[in-house]
Amino acid sequence: MLSPGNPYVLPFTLIAAGAYLAATLLTDASILVRIGMLVLLVGVVPVVLNRLLGGGSADGWRDESIENPGDGDADESREA
């Protein structure tokens, strides 16, 4: 969900920061309304956009191994 593979998290975090600042300076919105806006813009919108537009997920990366166990370069001193 909120993974490094989600390209929408950073832009919406910046948008949410600007919206929070604008809501603080320009309106009489309560702290609960402003925090709710932050949660919506940073926690919900990027996840929904990632699902709708078919973005990557960290779950798919777990299956891939960084080291190939058959390459012969493994450190055998750790096998004590």
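Here the structure is shown first, and the text comes after it.
Remember, predicted model here, so these are calculated numbers, not experimental data. (Residues numbered from 1 in each chain as written. Predicted model: local features only at pLDDT ≥ 70, side-chain atom pairs only at ≥ 80, totals over all residues. Heavy atoms only, no water.)

This next bit is on the environment of L10. If you trace the backbone, L10 turns up in helix 1 (residues 9-26). Expressed as a C-alpha distance, the spacing of L10 and V42, which sit 32 residues apart in the sequence, is 8.5 Å. (Helix = DSSP H or I, 4+ residues; strand = E, 2+ residues; numbered from the N terminus.)

This next bit is on the packing of helix 1 against helix 2 (residues 31-52). It is at 9 Å that the axes of helix 1 and helix 2 come closest, and there the two elements cross at 160 degrees. Classified by the angle their axes make, helix 1 and helix 2 are roughly antiparallel. Every pair of crossing elements has a handedness; the one defined by helix 1 and helix 2 is right-handed. Counted together, V9, F12, T13, A16, A17, A19, Y20, A23 and T24 of helix 1 and I31, R34, I35, M37, L38, L41, V42, V45, P46 and L49 of helix 2 form the full contact between these two elements. Class assignment for the residues of the contact of helix 1 with helix 2 results in 16 nonpolar, two polar and one charged. (Axes fitted to C-alpha atoms, helices over the stretch in contact; angles between N-to-C directions. Parallel < 35°, antiparallel > 145°, perpendicular 65-115°, else oblique. Left-handed = near helix turned anticlockwise from the far one by under 90°. Contact = heavy atoms within 4.5 Å. Nonpolar A, V, L, I, M, F, W, Y, C, P; charged D, E, K, R; others polar.)

Let us look at the environment of A22. Residue placement: A22 occurs in helix 1. The exposure class of A22 is partly exposed, given its relative accessible area of 31%. Sequence separation between A22 and R34 is twelve residues; the distance between their C-alpha atoms is 9.9 Å. (Buried < 20%, exposed > 50% of the residue type's maximum accessible area, 1.4 Å probe, protein only.)

Here the focus is helix 1. For helix 1, with 18 residues, the first-to-last C-alpha span of 25 Å sits near the 26 Å given by 1.5 Å per residue. Those residues of helix 1 that sit buried are F12, A16 and A23. Buried positions in helix 1, seen along its axis, are confined to an arc of 45 degrees and lie on one side of it. Seen from the buried face of helix 1, the exposed residues on the opposite side, beyond 90 degrees, are L10, L14, L21, L25 and L26. Residues of helix 1 that are buried sit in contact with helix 2. (Expected span 1.5 Å × (residues − 1). Arc of directions from axis to C-beta.)

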